[in-house]
Amino acid sequence: MLELQNITKHYGARKALDHIFLTLENGIYGLLGPNGAGKSTLMNIITGNLKPTSGIVLWNGENARNLGPAYLSLLGYAPQQQGLYDTFTGIRFLSYMAALKGIPKKKQKGEIQRVLDYVNLTEKAYRPIGTYSGGMKQRILVAQAILGDPHLIVLDEPTAGLDPKERVRIRENIRNISGDKIILVSTHVVSDIESIAKEIILLRNGKIVDKDTISNLCEKHGNAKNLEQVYLQVFEKEGESDSAHRI
Ligand SMILES: Nc1ncnc2c1ncn2[C@@H]1O[C@H](COP(=O)(O)OP(=O)(O)O)[C@@H](O)[C@H]1O
Ligand SMILES: [Mg+2]
């Protein structure tokens with residue numbers, strides 16, 4: 001179980017996260033919010049890449065900061081900015097990531113083959129990543145995130161910039177990651193998560209507006225017909241509040 005207790009994050013005078021309390025158990029969660037809502041900041045705090053200004057992240061009741069490498073080995077993370085090495089081949093990138101994650105040498109080969117098959121990139125494994133399409137790049141990012149079968153998987157906008165066919169492919173990859181894991185997927189596109197997430201977390205201006213199943217969200221937010229309508233209701237004034245916030 002992952003718990004965020006009273007997480008606040010400031011970038012200088014800018015408050016990116018504001019007193020976040022969040023508990024995640026096994027299952028797929030959609031982190032939904034427009035650009036600037038704080039999704040990446042929240043994910044970077046969960047993964048330990050960023051230190052919160054205040055508050056703590058707990059893994060099964062223990063401060064994640066104190067768990068060190070044990071926390072990293074149960075974590076898989078695909079960052080939003082593609083930090084991919086264009087001159088590396090797919091297989092070299094995954095070998096590098098497997099080593100970084102501390103996967104034992106004997107297990108690396110089989111594990112890399114498993115994740116390549118999983119995202120259907122086995123045939124392209126020996127090509128440089130620079131030659132990959134946007135969808136293939138996202139898929140190899142998902143592949144490295146599931147290396148070593150981590151319990152906590154954090155995917156930051158894995159469908160950004162993809163065409164509809166590739167979006168569906170990524171979505172199905174996420175859906176099929178086996179069940180006994182916590183999977184957190186951020187997006188600002190409702191259709192990416194509406195059929196796969198057990199709960200949606202609505203993030204607006206660094207605050208959690210709501211976290212619930214889609215049917216409960218629809219009920220609570222003006223009897224909306226679907227998640228898209230909930231989204232429009234919660235975020236329709238986003239443009240205004242965003243600019244007000246920046247002053
Ligand atoms: N390194 C940074 N320095 C200053 N401000 C930042 C930095 N990263 C993010 N922000 C600001 O924090 C807010 C939340 O950003 P972010 O977490 O990237 O949101 P999202 O991922 O939902 O688009 C935005 O207003 C953004 O401009
Ligand atoms: Mg982001």
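Residues numbered from 1 in each chain as written. Chains lettered and ligands numbered in written order. Predicted model: local features only at pLDDT ≥ 70, side-chain atom pairs only at ≥ 80, totals over all residues.

## What to know about the site of ligand 1
At step 1: What surrounds ligand 1 is the set Tyr11, Arg14, Ala16, Gly33, Asn35, Gly36, Ala37, Gly38, Lys39, Ser40 and Thr41.
At step 2: Within the residue set of the shell around ligand 1, elements represented by two or more residues are β2 (14-24) and α1 (39-46).
At step 3: Per-element tally for the shell around ligand 1: the top contributor is α1, with three residues.
At step 4: Across the shell around ligand 1, the residue classes break down as three nonpolar, six polar and two charged. (Near = placed C-beta within 6 Å. Helix = DSSP H or I, 4+ residues; strand = E, 2+ residues; numbered from the N terminus. Nonpolar A, V, L, I, M, F, W, Y, C, P; charged D, E, K, R; others polar.)

## Concerning the UniProt feature "domain: ABC transporter" (unreviewed entry) in the protein chain
At step 1: Mapped onto this structure's residue numbering, the UniProt feature "domain: ABC transporter" (unreviewed entry) falls at residues 2-230.
At step 2: Between the end C-alpha atoms of residues 2-230 there is a gap of 26 Å, over a span that is 35% helix and 27% strand. (UniProt positions renumbered as here; feature names shortened; annotations may be inferred.)

## Details of unusual backbone geometry
At step 1: Positioned with a positive phi, Asn6 is a non-glycine residue whose angle comes to about 55°.
At step 2: When the 11 C-beta atoms within 10 Å are taken as the criterion, Asn6 is described as exposed. (Buried ≥ 20, exposed ≤ 12 C-beta atoms within 10 Å, placed from the backbone.)

## Regarding the nonpolar core
Side chains that are nonpolar tend, in soluble globular proteins, to be buried together.
At step 1: Judged by nonpolar contacts, the single largest core of 64 residues is most densely connected at Val142, Ala143, Ile183 and Ile200.
At step 2: Those residues in contact with Ala143 that sit more than four places away from it in its chain are Leu94, Val115, Leu116, Tyr118, Val119 and Leu121. (Core = buried A, V, L, I, M, F, W, Y, C linked by C-beta atoms within 7 Å. Contact = placed C-beta atoms within 7 Å.)

## Some thoughts on the sheet that holds strand β5 (residues 62-63)
At step 1: If you walk across this open sheet you meet the four strands as β2-β1-β4-β5, and the pairing is antiparallel. The sheet is open, and its two borders are formed by β2 and β5, each paired with just one other strand.
At step 2: One ladder, built from seven bridges, connects strand β1 (residues 2-11) with β2; its direction is antiparallel. Pairing of Ile7 across the sheet is with Ile20, part of β2. (Pairing = 2+ DSSP bridges.)

## Quick word on helix α5 (residues 105-118)
At step 1: Taking 1.5 Å per residue as the helical rise, α5 with its 14 residues ought to reach 20 Å, and the 20 Å between its terminal C-alpha atoms agrees with that figure.
At step 2: Every buried residue of α5 is accounted for by Ile112, Val115 and Leu116.
At step 3: Buried residues in α5 make contact with α4 (90-100) and α6 (134-145). (Expected span 1.5 Å × (residues − 1).)

## So, the sheet that holds strand β8 (residues 182-187)
Picture the strands of a sheet paired through backbone hydrogen bonds; they go either parallel or antiparallel.
At step 1: Strand order in this open sheet of six strands is β6-β7-β8-β3-β9-β10, and the pairing throughout is mixed. Of all strands in the sheet, those bounded by a partner on one side alone are β6 (75-78) and β10 (207-212). Adjacent strand axes in the sheet meet at a mean angle of 15°, parallel and antiparallel pairs treated alike.
At step 2: Summarising the sheet, strand β7 (residues 152-156) and β8 pair through five bridges and their orientation is parallel. When the sheet's bridge partners are listed, Asp156 is paired in β8 with Ser186. (Axes fitted to C-alpha atoms, helices over the stretch in contact; angles between N-to-C directions.)

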